[in-house]
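Report on the structure
So the chains spell out like this:
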Protein chains: 2
Amino acid sequence: MTDRSYSSIIEQLRNANLRPTRQRMGLGRLLFSGDQQRHITADQLHLEAENAGLSVSLATVYNTLHQFCEAGLLREVVVDPGRSYFDTNTGSHHHFFNVERGELTDIPAELINVASLPSPPLGTQIDRVDIVVRVRND
Amino acid sequence: MTDRSYSSIIEQLRNANLRPTRQRMGLGRLLFSGDQQRHITADQLHLEAENAGLSVSLATVYNTLHQFCEAGLLREVVVDPGRSYFDTNTGSHHHFFNVERGELTDIPAELINVASLPSPPLGTQIDRVDIVVRVRND
DNA sequence: TGTCAAGTTTAGAATATTTCTAAAATATTC
DNA sequence: GAATATTTTAGAAATATTCTAAACTTGACA
């Protein structure tokens, strides 16, 4: 387990005013208990929950993913029209996206050097910078 | 009109083995006849066509947008889950995306300096690098 | 120019993802 | 343990996109 252990999840849910229900805890364990960072769609997580014997509806998977995003436990990644990916890595970083396989891989922020961003359109402020490096199989 | 004038569109369609039909020419004119670069969704273009008195089905708008992409006349931009934008600027560049308004603005490639891309995952090759600077209204 | 084959458009159905709704279940508080 | 608030859920609805197959248009050529 990473630093987001079982009790840490409860605590983070509490901080976000979310009750630690069976479903949230179960999905949290699936998402955060591995060593690896995960990039997963709602449907994939729903399937994984089913396979793990966790009974949870697709609606709840969607609700939970969004609540986890708001709580800062997850981050939504937009690379594919018509499908959202959720990323357990909430730190500053970017992505490789394998267009053929629909697979995301992290790129640590420090490995990409963005010099000289132009100033944003009048009346707006920069929220964040997303870099997606699209790759194809040889 | 830009350099992609009326006759130029016909020519480009021919090059792509696409017959210059009423629908394709009409949509081409809507997309390319202004001075400005355009960022538009299928639905927006369909509406615009209707307003311009061009009778064309939504299915054809989708077909045409994809064919124009394959022909290198357009480029698809993914910034919003569940909606595709099509960009008349096919050159190398990036985008501001106003999350609140759903509005895209071009950033010329030379205004962003990406130094030191890490090498792509084994067995893959870089297709392109998309940078999206998400902005919010003050 | 008329005919034919190939390509194109279309309405409507189908699909896929996501959100909504309101009723039942669960958690928290006292 | 009862009362209240939150959460989950199935199924319906919304949204964007793709598919299908029939009707239409185009281009080639006699």
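It should be emphasised that the depicted structure is a prediction, and the values quoted were computed from it without experimental measurement. Throughout this document, residue positions are counted from 1 along each chain, in the order its sequence is written. Both sets of labels track the order of writing: A upward for chains, 1 upward for ligands. Two thresholds apply to this predicted model, a pLDDT of at least 70 for residue-level local features and 80 or more for giving and counting side-chain atom pairs, whereas whole-chain, interface and lining totals are computed over all residues. Values shown for side chains rest on all heavy atoms present in the structure; no hydrogens or waters enter the calculation.

A single heavy atom is enough: if one lies within 4 Å of a molecule or strand, its residue is considered near that molecule or strand. In the vicinity of DNA strand C, 22 residues are found, and the nearest of them are Tyr62(A), Arg83(A), Ser84(A), Thr21(B) and Thr60(B). Of what DNA strand C places within 4 Å of the protein, 83% of the atoms are sugar or phosphate. Between DNA strand C and the protein, one listed contact pairs a phosphate oxygen with a side-chain N or O atom of Arg83(A) at 2.4 Å. Side-chain atoms alone can form a polar contact between residues adjacent in sequence; in general such a contact is a pair of N or O atoms within 3.5 Å, and within protein one must be able to donate a hydrogen while the other accepts it. Contact between DNA strand C and Ser84(A): a phosphate oxygen at 2.7 Å from a main-chain N or O atom of the residue. A run of H or I in DSSP counts as a helix once it spans at least four residues, and a run of E counts as a strand once it spans at least two, with each numbered from the N terminus. The leading source of residues in the surface near DNA strand C is helix α4 (residues 58-70) of chain A, at four residues. Only Asp, Glu, Lys and Arg are considered charged in this grouping, and only Ala, Val, Leu, Ile, Met, Phe, Trp, Tyr, Cys and Pro are considered nonpolar; every other residue, Gly among them, is considered polar. Looking at the surface near DNA strand C, its residues break down into eight nonpolar, nine polar and five charged.

What follows concerns the packing of helix α3 (residues 42-51) of chain B against helix α4 (residues 58-70) of chain B. Residue and element names in this part refer to chain B. For every element, the axis is a line fit to its C-alpha atoms; helices are fit only across the contacting stretch, and the angle between N-to-C directions ranges from 0 to 180 degrees. Between α3 and α4, the shortest axis-to-axis distance is 9 Å and the interhelical angle comes to 120 degrees. One element, α3, and the other, α4, form an angle in the oblique class. Judged by the sense of rotation from one axis to the other, the crossing of α3 with α4 is right-handed. Facing Ala 42, Asp 43, Leu 45 and His 46 of α3, the residues of α4 in contact are Leu 58, Val 61, Tyr 62 and Leu 65. Angles below 35 degrees are treated as roughly parallel, those above 145 as roughly antiparallel, those between 65 and 115 as roughly perpendicular, and all remaining angles as oblique. Left-handed describes a crossing whose near helix is turned anticlockwise from the far helix through less than a right angle; right-handed describes the clockwise counterpart. For this analysis, residues touch if any pair of their heavy atoms sits within 4.5 Å.

Next up on the list: the nonpolar core. Here the nonpolar core consists of buried residues drawn from Ala, Val, Leu, Ile, Met, Phe, Trp, Tyr and Cys, with membership extended through side-chain atoms lying within 4.5 Å. Note on classification: 1.4 Å probe, protein chains only; a residue is buried when its accessible area is under 20% of the maximum for its type, exposed when over 50%, partly exposed between these limits. Grouped together as the largest cluster of nonpolar side chains are 20 residues, with contacts concentrated most on Leu27(A), Leu31(A), Leu45(A) and Leu65(A). Per-element accounting of this core gives the leading share, five residues, to helix α2 (residues 22-32) of chain A. When residues no more than four places from it in sequence are discounted, the contact partners of Leu27(A) are Leu45(A), Ala49(A), Leu54(A), Val56(A), Val61(A) and Thr64(A). Ranked by size, the runner-up nonpolar core spans 19 residues in total, among them Leu27(B), Leu31(B), Phe68(B) and Phe86(B).

Moving on, we get to the interface of chain A and chain B. Taken residue by residue, the interface counts 38 residues in chain A and 38 residues in chain B. The salt bridge criterion pairs a side-chain nitrogen of Lys or Arg with a carboxyl oxygen of Asp or Glu, the two atoms within 4 Å. Here chain A is connected to chain B by four salt bridges. For the salt bridge of Asp127(A) with Arg136(B), the shortest nitrogen-to-oxygen distance reads 3.5 Å. Along the contact surface separating chain A from chain B lie twelve residue pairs in polar contact (both at pLDDT 80 or more). When contributions to the side of chain A that touches chain B are tallied by element, the ones reaching two or more residues are β2 (75-80), β4 (93-98), β5 (103-108), β6 (113-115) and β7 (124-137) of chain A. With 14 residues, the single largest contributor to the side of chain A that touches chain B is β7(A).

Another point: the protein's contact with DNA strand D. As a structural note, the neighbourhood of DNA strand D is formed by 22 residues, with Thr21(A), Gln23(A), Tyr62(B), Gly82(B) and Arg83(B) the closest of them. Between a base oxygen of DNA strand D and a side-chain N or O atom of Arg19(B), the distance comes to 3.0 Å. Taking Ser84(B), its main chain carries an N or O atom lying 2.8 Å from a phosphate oxygen of DNA strand D. Of all the secondary structure elements, the ones that give two or more residues to the surface near DNA strand D are α2 and α4 of chain A together with α4 and β3 (83-87) of chain B. Of the residues forming the surface near DNA strand D, the biggest block, four residues, is contributed by α4(B). Within the surface near DNA strand D, the residues separate by chemical class into seven nonpolar, ten polar and five charged.

Glancing now at the pattern of salt bridges. Where charged atoms from two side chains of opposite charge come close, those side chains can pair. Following the criterion strictly, the structure yields 16 salt bridges over all chains and no others. Note that Asp80(A) is salt-bridged to Arg83(A), the shortest N-O span being 3.1 Å. A salt bridge links Arg136(A) to Glu100(A); its shortest N-O distance comes to 3.5 Å. Of this pair, Arg136(A) sits in strand β7 while Glu100(A) sits in the loop between β4 and β5, and the two are 36 residues apart along the sequence. What emerges from the salt-bridge pattern is a single network uniting Arg75(A), Arg128(A), Asp130(A) and Arg134(B).

Mapping between the two copies of the chain is achieved by a rotation about an axis and a shift along the axis. Superposition of the copies used a least-squares fit over C-alpha atoms from residues whose pLDDT is at least 70 in both. Note on the copies: chain A fits chain B at an RMSD of 0.1 Å, the axial shift is 0.0 Å, and the rotation between them is 180 degrees. When the rotation and shift are considered jointly, the pair of chain copies conforms to a two-fold rotation axis. Most of the interface of chain A is mirrored in chain B: 100% of its interface residues are interface residues there too.

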